2 protein chains.
Amino acid sequence: MSATSSHPLFGVILAGGSGSRFWPLSRTQYPKQILRLLGSDSLLQTTIKRLLPRIPLERLAVVTNAAQAEVIRLDLYRQGWQQIHLEVEPEGRNTAPAVALAAALMGPDAKRDIIAVFPADHYIDDQERFFEALDRGADLAEAGYLVTFGITPTHPDTGYGYIKVGEPLQPDGLGFRAQSFIEKPDLERAQAFLAEGGYYWNSGIFLFRRDVLLEAFDRHLPDLAACLPLFSAADPAALAEVYQRLPDVSLDQGIMEKADNVAVVPVDMGWRDVGSWGALHELFPQDENGNVILGRALDLDSRNSLVFSQNRLVATLGLQDLVVVSTADATLVCHRRRTQQVKDLVAELSRQNYFESVQHPTVKRPWGSYTVIDTGPGFQVKQVVVDPGKRLSLQLHEHRAEHWVVVQGKALITIGEEMREVSTNESVFVPLKTPHRLENQGQEPLRIIEVQTGSYLGEDDIIRFADDFGRVSEDGGHKTK
Amino acid sequence: MSATSSHPLFGVILAGGSGSRFWPLSRTQYPKQILRLLGSDSLLQTTIKRLLPRIPLERLAVVTNAAQAEVIRLDLYRQGWQQIHLEVEPEGRNTAPAVALAAALMGPDAKRDIIAVFPADHYIDDQERFFEALDRGADLAEAGYLVTFGITPTHPDTGYGYIKVGEPLQPDGLGFRAQSFIEKPDLERAQAFLAEGGYYWNSGIFLFRRDVLLEAFDRHLPDLAACLPLFSAADPAALAEVYQRLPDVSLDQGIMEKADNVAVVPVDMGWRDVGSWGALHELFPQDENGNVILGRALDLDSRNSLVFSQNRLVATLGLQDLVVVSTADATLVCHRRRTQQVKDLVAELSRQNYFESVQHPTVKRPWGSYTVIDTGPGFQVKQVVVDPGKRLSLQLHEHRAEHWVVVQGKALITIGEEMREVSTNESVFVPLKTPHRLENQGQEPLRIIEVQTGSYLGEDDIIRFADDFGRVSEDGGHKTK
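Just so you know, these numbers come straight off a predicted model, no measurement behind them. (Residues numbered from 1 in each chain as written. Chains lettered and ligands numbered in written order. Predicted model: local features only at pLDDT ≥ 70, side-chain atom pairs only at ≥ 80, totals over all residues.)

**Student:** Can you help me understand the overall build of chain A in this one?
**Tutor:** Within chain A one finds eleven helices and 26 strands. Principal-axis analysis of the C-alpha atoms gives chain A an extent of 75 × 60 × 40 Å. Every one of the 481 residues in chain A was classed for burial, and the buried ones make up 48%. For chain A, the share of sequence-separated contacts (at least 6 apart) that also reach a separation of at least 24 residues comes to 66%. (Helix = DSSP H or I, 4+ residues; strand = E, 2+ residues; numbered from the N terminus. Buried ≥ 20, exposed ≤ 12 C-beta atoms within 10 Å, placed from the backbone. Contact = placed C-beta atoms within 7 Å.)

Structure follows, in structure tokens:
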């Protein structure tokens, strides 16, 4: 039996968390899903590329929240994936509201559509077995089950939840009835699970018919179900109003653990949750001393350690079971067995208002990026890169003047009424309160050094008159460069 | 008996090492002696200030080598200590040649002058006992002994050499005859020394009459002694020629261990050799978990660790016995018991041509400082600070143009034939091959952002026509900004 053609799927990718355990690479405004932890694609892009042979772009939805929507959209946009539905939660909730939102808003409302839900931060080695499991799951979903994937455990991991399976659901062994869900166990219990057999890691991947899901919401989360009709409104303010009343509950706890029609599809596909630096250490090839050394780094005589430098030099000596991660403005040094607690460290950084918890010095924008390279009293210096064919908004600043020196490419610059070309090694001055625009009509990146001077240098000192990315200023409008 | 007035001393401060164990704070071109490890003064300045109540500036000499002479001179100059003799070795040798050089070159050649030799990197807590020991030592030196200080050991340290003392030299216990010198022992031996008694840490502080020292050189290091008359020549090329033939030997090994007229003055003065990050960890007050956390750093739940951040954020979690040091461009992470080997790590960095072993992004100059804040193909950006009343040389560059934006203070700028004032928020362009000069006639620092563009951006692309610091260009002349 093959389900590939018989069950076209809707794919819902959950991309709403901040993933603070990957600080300092992740930031509140630069979440884990867009990090390129496993190669040249972000975790989100990797997840989508994995699905594309099975689910076309226009049947995919990415659920995120308002705080991250811009960077997530940019991550999709850079791959040319404008067809993907982006469902924006007014605020980050848990997985049950996120799946409910996607089910309510995505695609035409065909009752028996099969919806497949995927976290955005999984590593899956064996694509073929993944698709095979999807097909089996789709068959069970079609038959009316709420389906989850159970990963065949390779070791007694204490970082995952477990599912104990019950009776086989079909004679050919497509799946099993779920007997119970177990939260992350301690090592002894995890070892007992593996010895006993019949336990699987809870992957957080789900499949269900839309009508079966909605019925489950009705029965197990009636408060949430009652709000579902309000989701269809195109009014963001109304959605925000509804959303703040929703329960903060996961799909596991809210539905799967309560329902009696839950099926488990066991699968062994080289799966890992990319959940922490410790998990990443295990995903990369290690040298003969158990080290993973990436980037501008030099080590003498360390063991079982992960050293990752994004740009600055990191030199290490005699380490044991450590994680060292260095970015342009921050360094994390952490014991390898405690990388789950990086979350707590970041919470403390936020509490103490360290700006390094919020944003990187390099900020991506639809037109390119900028990097803060120096700041001091009354001035700030940025390197600004404008991608070929792109331009910034026509804008002015109330409180700062800007000196621009072109160091690569050629700029088309508007200042006040005047428009002119400025080549490499030329400079211009933009007085405060003067409308200006920066554009790259060339084939190579345009790179300028911008020296800002003024009494106030915040990103929100901007008034936009025209913008290619829909960001024209209004009262309360979006104020970023 | 008091010697304070009867024995005016010459002080010789040995400041020639690179101190690579303090990388990444120390660099080949920014040696340990000028680091401010113990407060707002550099180690060298701390050493000199400690001596000043006892030895006036004009009777002090600092011995360094040619590679470090400029930064050492600047370190003295910033305290207004132009009277101190700076004796420059053509190349770094060991302590015997350095002391010989100082003895030959410093001050008027009075045979019975007492010379006191001090390393530049010691911590001494009890100034009074230090002076008291100096007086006792001077009495013994006057009596014809080669005198060394023996520190009363407080614990079986394996990082210091030991001296075993013999018979008391005078009835009132001024000192003892040295019986033997022992290289750094292992822990078991060090413990035995403390149990047995009569063993002291070898401090590397020496006192002797000039004639007694020269006699010792004649007897124990005749090759070196033969070169001494050539030292008085004012010809640096001749000195360099002589110097390369000198033996690489320490005063301990070359003289003290061989001579039979060596005296030891025991002293308990809260002394420490500031030799490594591990030693520094023990010098600072530790919190209740044994941690020393300095600078922009946040820790959760670490033990017995030193975390020092010069500017960028360092966040640590669950560390045990670690040293983490972060500067603008590099981070060291090292086990606390292995900080002696940072030397080897730096040697490896040098071997692999990491520029982070050579220099900091911020480089001090007689007129102020500059910091490289960004680099890329064909451009480099610096923040340049000119101290009040100072000016750079009149110079030109063959291969680069410079854009200057004043962000603090007011500049007096010469470009070609023109001279003009440039205020905060104004900018100027310096075309390549154009003579130019930057001057700060104001009371506050002048700060400019300099954007360089060109095919070659090395510091040695400079031709000087006039300079306040004697750095006018000639063939083979000194070429730094």
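**Student:** Looking at this model, I keep getting lost on the sheet that holds strand β23 (residues 427–430) of chain A. Mind explaining?
**Tutor:** Strands pair in a sheet through their backbones, by hydrogen bonds, and they do so in one of two ways: parallel or antiparallel. Residues and elements named next belong to chain A. Pairing is antiparallel across the open sheet formed by six strands, whose spatial order is β16-β17-β18-β25-β20-β23. Each edge of the open sheet carries a strand with a single partner, namely β16 (362–365) and β23. Averaged over all neighbouring strand pairs, the angle between strand axes comes to 20°, with direction disregarded. Where β16 lies against strand β17 (residues 368–376), four bridges are found, and the strand directions are antiparallel. Across the sheet, the residue bridging to Val363 is Tyr370, located in β17. (Pairing = 2+ DSSP bridges. Axes fitted to C-alpha atoms, helices over the stretch in contact; angles between N-to-C directions.)

**Student:** Could you clarify how one ought to interpret the interface of chain B and chain A in this entry?
**Tutor:** Between chain B and chain A, the contact holds 49 residues from the first and 48 residues from the second. Note: strand β13 (residues 306–317) of chain A against strand β15 (residues 330–335) of chain B, five bridges, orientation parallel. Across the sheet, Val314 of chain A pairs through a bridge with Thr331 of chain B, a residue of β15 of chain B.

**Student:** Looking at this model, I keep getting lost on the domain arrangement of chain A. Mind explaining?
**Tutor:** It is common to give the size of an interface as the accessible area lost on bringing the parts into contact. Residue and element names in this part refer to chain A. Per the domain assignment, the segments making up chain A are domain 1 (9–273), domain 2 (277–356) and domain 3 (363–466). Distance from the C-alpha centre of domain 1 to the C-alpha centre of domain 2: 29 Å. Taken residue by residue, the interface counts ten residues in domain 1 and 14 residues in domain 2. Of the residues belonging to the side of domain 1 that touches domain 2, the class tally is six nonpolar, one polar and three charged. (Domains from an automatic or database assignment. Nonpolar A, V, L, I, M, F, W, Y, C, P; charged D, E, K, R; others polar.)

**Student:** Looking at this structure, how should I read the relation of the copies chain B and chain A?
**Tutor:** Between the two copies of the chain lies a relationship made up of a rotation around an axis and a movement along it. Mapping chain B onto chain A leaves a residual RMSD of 0.1 Å; the transformation is a rotation of 180° accompanied by 0.0 Å of translation along its axis. Between the two chains, the operation in question is that of a two-fold axis. Within chain B, the C-alpha atom positioned nearest to the axis of rotation is that of Ile373 of chain B, 3.0 Å from it. (Least-squares fit on C-alpha atoms with pLDDT ≥ 70 in both.)

**Student:** Which parts of the structure should I look at to understand helix α2 (residues 66–77) of chain A?
**Tutor:** For an α-helix the count is 3.6 residues per turn, leaving residues at separations of three or four pointing the same way. All names here are of chain A. Taking 1.5 Å per residue, twelve residues should reach 16 Å; α2 reaches 17 Å between its end C-alpha atoms and fits that length. What α2 keeps buried is the set Gln68, Ile72, Asp75 and Leu76. Angular distribution of buried residues about the axis of α2 spans 90°; they occupy a single face of the element. In this structure, the buried residues of α2 make contact with α1 (43–51), β2 (60–65) and β3 (85–89). (Expected span 1.5 Å × (residues − 1). Arc of directions from axis to C-beta.)

**Student:** How should I be thinking about the pairing of strand β22 (residues 418–423) of chain B in this particular structure?
**Tutor:** Strand residues, when the strand is regular, have side chains that alternate between the two faces of the sheet. By the bridge criterion, six bridges tie strand β21 (residues 410–415) of chain B to β22 of chain B in an arrangement that is antiparallel. Pairing of Leu412 of chain B across the sheet is with Glu421 of chain B, part of β22 of chain B.

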